[in-house]
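# Residue-level structural notes
Given next are the chains, with one letter for each unit.
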Amino acid sequence: MNYSVVVPARNEEGSIRALYEATKRIFDGMGGSWELIVIDDGSTDATYSIMSAIADKDDRVKTIRFRRSFGQTAGWSAGFAAATGDIVIVMDADLQNDPEDIPAMISKLKEGNFDVISGWRKDRKDASMLKIGSRIGNFIRRKVTGEKIHDQGCSLKVYRKEALEDLELYGEMHRYITALLLWKGFRVGEMVVRHHAR
């Protein structure tokens with residue numbers, strides 16, 4: 001398998017089909033084998049039934065269902081364990097991240113000799129208070145961890161599969177994956193990506 005796309009989703013019935021269609025269009029256009037792994041994080045809407053219906057028709061789509069919400073870290077951890085691709089892409093299900101950025105991120109991963117490319121939402125479309133809180137959080141994380149990533153909170157990331165092996169995640173550790181990988185000696189890069197209003 002060339003590519004695994006890992007997407008935690010909770011109550012995303014309004015965007016999950018569009019996410020699948022975008023993933024299919026992009027990866028069919030790139031060539032190579034791919035899979036989409038959607039982790040339903042205890043949704044109370046039709047997210048799981050929509051993805052299950054898609055998976056019934058497209059065997060490249062896999063679904064994991066949590067009985068209740070365990071959060072994004074647990075979703076990513078389950079997706080990483082299930083992923084079989086040499087390159088693993090993670091993103092949110094709400095389409096604030098733009099799937100169209102993925103091919104360029106994969107190219108940068110390969111050409112730049114990186115193990116991870118992290119998205120940087122330089123022009124964020126969130127509410128002002130969220131942006132301010134994020135800037136403060138990112139500043140503190142950079143000071144504490146020594147990493148140079150501008151936007152640790154951006155979910156859109158591309159990893160080499162080997163970087164995710166033996167990675168123990170719990171709590172809210174999804175926010176610190178790049179710092180953990182940097183400490184383990186992996187090469188972390190960054191790329192400006194688009195960001196859309198929810």
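Please refer to the structure higher up on the page.
These numbers come from a predicted model, not from an experiment. (Residues numbered from 1 in each chain as written. Predicted model: local features only at pLDDT ≥ 70, side-chain atom pairs only at ≥ 80, totals over all residues. Heavy atoms only, no water.)

### Some details on unusual backbone geometry
This is how it is decided: Each helix corresponds to a stretch of at least 4 residues labelled H or I by DSSP, and each strand to a stretch of at least 2 residues labelled E; elements are numbered beginning at the N terminus. Under the scheme applied here, a residue whose accessible area is under 20% of the maximum for its type counts as buried, over 50% as exposed, and between as partly exposed, the area being computed with a 1.4 Å probe on protein chains only.
The backbone phi angle of Asn-11 is positive, close to 55 degrees, even though this residue is not glycine. Topologically, Asn-11 is positioned in the loop between strand 1 (3-9) and helix 1 (16-30). Given a relative accessible area of 27%, Asn-11 falls into the partly exposed group. For Leu-95, which is not glycine, the phi dihedral falls at a positive 65 degrees. Its place among the elements puts Leu-95 in the loop between strand 4 (87-90) and helix 4 (102-111). The exposure class of Leu-95 is partly exposed, given its relative accessible area of 25%.

### Brief notes about the packing of aromatic side chains
We count it as follows: In summary, the pairing rule links any two rings of Phe, Tyr or Trp, Trp by its six-membered ring, whose centres are within 6.5 Å, and it sorts them by plane angle into stacked for under 30 degrees, edge-to-face for over 60 and tilted for everything else.
Taken as a whole, this structure holds five aromatic pairs when the rule is applied. Ring centres of Tyr-3 and Phe-27 lie 5.4 Å apart, and the angle between their planes is 50 degrees; on these two criteria the pair is classed as tilted. Placement of Tyr-3 in strand 1 and of Phe-27 in helix 1 is noted, with a sequence separation of 24 residues between them. In terms of burial, Tyr-3 and Phe-27 fall into one category: buried.

### Section: the sheet that holds strand 6 (residues 157-160)
The pairing of strands in a sheet comes from backbone hydrogen bonds and takes either a parallel or an antiparallel form. Convention followed: When DSSP finds at least two bridges between two strands, those strands are taken to pair. Axis definition: a line fitted to C-alpha atoms, limited for helices to the stretch in contact. Angles are taken between N-to-C directions and run from 0 to 180 degrees. In what follows, residue pairs with any heavy atoms lying within 4.5 Å of each other are defined as contacts.
The sheet built from seven strands is open, its strands ordered 3-2-1-4-6-5-7 with mixed pairing. Among the strands making up the open sheet, the edge pair consists of strand 3 (61-66) and strand 7 (188-192). Across the sheet, the axes of successive neighbouring strands diverge by a mean angle of 20 degrees, strand direction being ignored. When strand 2 (residues 34-41) meets strand 3, the two strands line up parallel, connected through six bridges. Bridged to Asp-40 within strand 3 is Arg-65. Across the sheet, helix 2 (residues 47-57) touches strand 1, strand 2 and strand 3, and the angle it forms with strand 3 is around 150 degrees. Running at roughly 155 degrees to strand 1, helix 3 (residues 72-82) makes contact with strand 1, strand 2, strand 3, strand 4 and strand 6 of the sheet.

### Things to note about the pairing of strand 5 (residues 116-120)
Every regular strand shows the same layout, with side chains that alternate between the two sheet faces. Taking burial as the measure, the five residues of strand 5 include five buried ones, the bulk of the element. In strand 5, alternate side chains face the same way, and those of Val-116, Ser-118 and Trp-120 on one face and Ile-117 and Gly-119 on the other are all buried. Of the strand pairs in this sheet, strand 5 and strand 6 are connected by three bridges, and their pairing is antiparallel. Looking across to strand 6, one finds that Ser-118 is bridged to Lys-157. In terms of strand pairing, strand 5 meets strand 7 through five bridges, oriented parallel. Its bridge partner being in strand 7, Trp-120 is matched across the sheet by Val-192.

### Looking at the nonpolar core
Formally: We call a set of buried Ala, Val, Leu, Ile, Met, Phe, Trp, Tyr and Cys residues a nonpolar core when their side-chain atoms join them within 4.5 Å.
Counting residues in hydrophobic clusters, the biggest one holds 31 residues, and the most contacted among them are Ile-16, Phe-27, Leu-36, Ile-89, Ile-106 and Leu-156. For this core, the elements supplying multiple residues, two or more each, are strand 1, helix 1, strand 2, helix 2, strand 4 and helix 4. Among the elements that make up this core, the one with the highest residue count is helix 1 (five residues). Beyond its immediate chain neighbours, meaning those up to four positions away, Ile-89 contacts Tyr-3, Ser-4, Val-5, Val-6, Phe-27, Ile-102, Ile-106, Leu-156, Lys-157 and Val-158. Core analysis: the second largest hydrophobic core is formed by 18 residues, Phe-66, Trp-76, Leu-164 and Leu-167 among them.

### Observations regarding the pattern of salt bridges
Close approach of charged atoms allows side chains with opposite charge to pair. Test applied: The salt bridge definition used is simple: a Lys or Arg side-chain nitrogen within 4 Å of an Asp or Glu carboxyl oxygen.
Within the structure shown, the criterion is met by nine salt bridges. Between Asp-98 and Arg-194 there is a salt bridge, with its nearest N and O atoms 3.8 Å apart. A residue pair is termed long-range when its members are at least 10 positions apart, and Asp-98 in the loop between strand 4 and helix 4 and Arg-194 in the segment after strand 7 qualify at 96 residues. Asp-98 gets classed as buried once you look at its relative accessible area, which sits at 11%. With a shortest N-O distance of 2.9 Å, Arg-194 and Asp-101 are connected by a salt bridge. In this pair, Arg-194 sits in the segment after strand 7 while Asp-101 sits in the loop between strand 4 and helix 4, placing the two residues 93 residues apart along the sequence. The partly exposed category is assigned to Arg-194, whose relative accessible area is 40%. Put simply, Lys-24, Asp-28, Asp-58 and Arg-60 are held in one network by salt bridges that share partners.

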